[in-house]
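# Remarks on the overall topology
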Amino acid sequence: MQDSFIELLIKLGINLVVSTLIIRFIYYKATKKSDYLFTYSVISIIVFLLCFLLKNIQLQLGFALGLFAIFGIIRYRTTSINIKEMTYLFSIIGLSVINALTTPSHYLELLLSNGIIVFIIWLLETVFKYKQIASTKINYTNLELLKLNDKAALKTDIETRLQVTIYKLEVKSIDYASETAEINIQYMQ
């Protein structure tokens, strides 16, 4: 009983430290989004405790993988969650499961695997930071460039006005009465 309690505290401590490193010091620093900080933290703790407390119950491999899959495909219906946030969610769930189910005799492997995962996430977010493409709709008022059908000049004008690098643009509609055009642009963030 005492050994199990100490094991719980050690593993929970490791899980909290690693989750905090990923959530607060990698994810938040890279994205500046606080929307999911609470969610990731609570899911990390709940998945860890669920796995830790259920590990003594004899589960078949299929049931265990099914449980993991259910957590892995969580999708909040009220808001759409993009692929990057979903990847962080999967990472937090995976780490919590690993931390909960590792046997006490393998703490060195546990620390090493946690360190590798944190390092790889950090490396991808900082060193190999990929530019993301965002898209938006704009109302454009310089119809002269549209009349000339000069996409290069149009692109340059919009890039200058918005201070972005445009990857792709598409004129959706032109309203000659109000002298505006609706243009979809994709740009590098």
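The coordinates are above.
Residues numbered from 1 in each chain as written. Predicted model: local features only at pLDDT ≥ 70, side-chain atom pairs only at ≥ 80, totals over all residues. Heavy atoms only, no water.

## Digging into the packing of aromatic side chains
Considering all chains together, one arrives at five aromatic pairs under this definition. With 5.3 Å between their ring centres and 80° between their planes, Y27 and Y40 make a pair best called edge-to-face. With Y27 in helix α1 (residues 2-31) and Y40 in helix α2 (residues 37-54), the pair connects residues that are 13 residues apart, well separated along the chain. For Y40, a relative accessible area of 1% translates into the label buried. Aromatic ring contacts, followed pair by pair, group Y27, Y36, Y40 and Y88 into a single cluster. (Phe/Tyr/Trp six-rings, centres within 6.5 Å; stacked < 30°, edge-to-face > 60°. Helix = DSSP H or I, 4+ residues; strand = E, 2+ residues; numbered from the N terminus. Buried < 20%, exposed > 50% of the residue type's maximum accessible area, 1.4 Å probe, protein only.)

## Structural notes on the sheet that holds strand β2 (residues 165-175)
Strand-to-strand pairing in sheets goes through backbone hydrogen bonds, with the strands running parallel or antiparallel. The sheet built from three strands is open, its strands ordered β1-β3-β2 with antiparallel pairing. Each edge of the open sheet is held by one strand with a lone partner, namely β1 (133-140) and β2. Going from strand to strand, the sheet's axes swing by 15° on average, the running direction of each strand aside. Of the strand pairs in this sheet, β1 and strand β3 (residues 180-188) are connected by eight bridges, and their pairing is antiparallel. Each bridged residue has a counterpart across the sheet, and for T136 the counterpart in β3 is I185. (Pairing = 2+ DSSP bridges. Axes fitted to C-alpha atoms, helices over the stretch in contact; angles between N-to-C directions.)

## Some thoughts on the nonpolar core
Judged by nonpolar contacts, the single largest core of 28 residues is most densely connected at I22, Y40 and Y88. For this core, the secondary-structure elements that each account for two or more residues are α1, α2, α4 (83-101) and α5 (107-126). Apart from the residues lying within four places of it in its own chain, the contact partners of I22 are Y27, Y88, I92, L95, V118 and I121. Counting residues in hydrophobic clusters, the runner-up holds 14 residues, among them Y140, L143, I166 and A181. (Core = buried A, V, L, I, M, F, W, Y, C linked by side-chain atoms within 4.5 Å. Contact = heavy atoms within 4.5 Å.)

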